[in-house]
Amino acid sequence: MTASPKTAARPKMAARNVNVFYGDKQAIDDVSIDIEMDRVVAFIGPSGCGKSTFLRTLNRMNDTVASARVSGDIRLDGEDIYAPAMDVVQLRARVGMVFQKPNPFPKSIYENVAYGPRIHGLARSRSDMDAVVEQSLTRAGLWNEVKDRLSDSGTALSGGQQQRLCIARAIAVDPEVILMDEPCSALDPIATAKIEELIHALRGRYAIAIVTHNMQQAARVSQRTAFFHLGTLVEYGKTSDIFTNPREERTKDYITGRYG
Ligand SMILES: Nc1ncnc2c1ncn2[C@@H]1O[C@H](COP(=O)(O)OP(=O)(O)OP(=O)(O)O)[C@@H](O)[C@H]1O
């Protein structure tokens, strides 16, 4: 189905008629959606409905799965991200990703953030790099907690701090879109609240898509919600409408906890 709520926002990414197969098994069935600038879209739906698979099509992370095959059309600012000429390393800098389990490199806090800008040539000098690291950690809400121990290992931080470090790492290469795949599922409620505050703070600067199992979280952090079921996009619209007045019976059943 095609789903694009009436909105003045500019689509940053446009997916049309996207299908994903793992071998013979179809995981995503004809999904079309716009990901808008300055907004957070939450992908919700029961386990196995294809949320992560669809999220991963948006920066070609499915390329890393040998059996995965993607068809359809996905554009970033009008540019076909599956075109043969697309530089996938560049794409993944423009469309960054934060995973379920925080995965800092086994390197210093500073190096975790500096690594991407260095390989993308985004800092010309040590002082440039220092500025990028400070700005990224500040935007990720972590600077004050780590500024006096930048040479400590990233893996020595708490889980919530590690996840904010991973967000700083994504931010450091100046992305346009940030994809988050259940970023709080390994975190306690306090660390989760910090990530949710951070998502609010980042909203004006990036287009953000978040997969979450937690419907309260979807309601708190997103302005748009996409409900997936059995690989299809059942309903997409304003978060307040999806949660208070869904059009589809299947959406209503899911948000009222009838299944999932
Ligand atoms: N690497 C893979 N190889 C084969 N099948 C896969 C692979 N990854 C996912 N699938 C299948 O694709 C379907 C969608 O999975 P996906 O992980 O995208 O769903 P999800 O909605 O994110 O689930 P969850 O909420 O449990 O994380 C499932 O049937 C799953 O078993």
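Refer to the structure printed above.
What you see is a predicted model; the values in this text were computed from it and never measured. (Residues numbered from 1 in each chain as written. Predicted model: local features only at pLDDT ≥ 70, side-chain atom pairs only at ≥ 80, totals over all residues. Heavy atoms only, no water.)

Colleague: What is the right way to look at the nonpolar core in this model?
Modeller: For soluble globular proteins, nonpolar side chains are generally found buried alongside one another. Residues L137, I167, M180, I199 and I208 are the most contacted members of the largest nonpolar core, which totals 42 residues. Looking at which element gives the most residues to this core, the answer is helix α7 (residues 189-202), with five residues. What L137 contacts, discounting residues up to four positions off in sequence, is I109, V113, L142, W143, V146, L150, L165 and A168. (Core = buried A, V, L, I, M, F, W, Y, C linked by side-chain atoms within 4.5 Å. Buried < 20%, exposed > 50% of the residue type's maximum accessible area, 1.4 Å probe, protein only. Helix = DSSP H or I, 4+ residues; strand = E, 2+ residues; numbered from the N terminus. Contact = heavy atoms within 4.5 Å.)

Colleague: Just checking my understanding: could you explain the sheet that holds strand β11 (residues 232-238) for this structure?
Modeller: Across a sheet, paired strands are connected by hydrogen bonds in the backbone, their directions being either parallel or antiparallel. Taken together, the six strands give an open sheet; going across it, the order is β7-β8-β9-β4-β10-β11, and neighbouring strands pair in mixed fashion. Here the strands that pair on one side only, and so sit at the sheet edges, are β7 (95-98) and β11. If you compare each strand with its neighbour and ignore which way they point, the axes differ by 20 degrees on average. Bridge analysis of strand β10 (residues 224-229) against β11 gives six bridges, and the strand direction is antiparallel. (Pairing = 2+ DSSP bridges. Axes fitted to C-alpha atoms, helices over the stretch in contact; angles between N-to-C directions.)

Colleague: How should the site of the ligand be read in this particular structure?
Modeller: As a matter of local geometry, the ligand sits amid 14 residues, with S47, G48, K51, T53 and H213 nearest to it. Contacts to the ligand include K51, whose side-chain N or O atom sits 2.7 Å from an oxygen atom. Residue H213 places a side-chain N or O atom 2.8 Å away from an oxygen atom belonging to the ligand. Within the complex, 64% of the 630 Å² of free accessible area of the ligand lies under protein. Of all the secondary structure elements, the ones that give two or more residues to the shell around the ligand are β3 (25-36) and α1 (51-57). In terms of residue count, α1 provides more of the shell around the ligand than any other element does, three residues in total. Tallied by class, residues from the shell around the ligand come to five nonpolar, six polar and three charged. (Near = heavy atom within 4 Å. Polar contact = N/O pair within 3.5 Å; in protein donor to acceptor, adjacent residues only side chain to side chain. Areas by Shrake-Rupley, 256 points an atom, 1.4 Å probe, with all protein chains shown as cover. Nonpolar A, V, L, I, M, F, W, Y, C, P; charged D, E, K, R; others polar.)

Colleague: Before we go on, may I ask you to explain unusual backbone geometry in this structure?
Modeller: With a phi close to 50 degrees, D77 is a non-glycine residue in the positive phi region. Among the structural elements, D77 can be located in the loop between β5 (68-76) and β6 (79-80). Residue class for D77 comes out partly exposed when judged on its relative accessible area of 40%. In the Ramachandran plot, E182 falls in the positive-phi region, its phi being about 45 degrees despite a non-glycine side chain. Among the secondary structure elements, E182 is positioned in the loop between β8 (177-181) and α7.

Colleague: Help me out: how do you make sense of the pairing of β10 in this one?
Modeller: Remark: a regular strand shows side chains that alternate across the two faces of the sheet. Of all six residues making up β10, six are buried, and the element is well covered by its neighbours. Across the two faces of β10 the burial is the same, with R224, A226 and F228 and T225, F227 and H229 all buried. Bridge count between strand β4 (residues 40-44) and β10: four bridges; the pairing is parallel. Bridging from a neighbouring strand, I44 pairs with F227 of β10. Once β10 ends, the chain turns through two residues before running back antiparallel as β11, passing L230 with a positive phi of about 50 degrees.

Shape descriptors only; they carry no functional weight alone.
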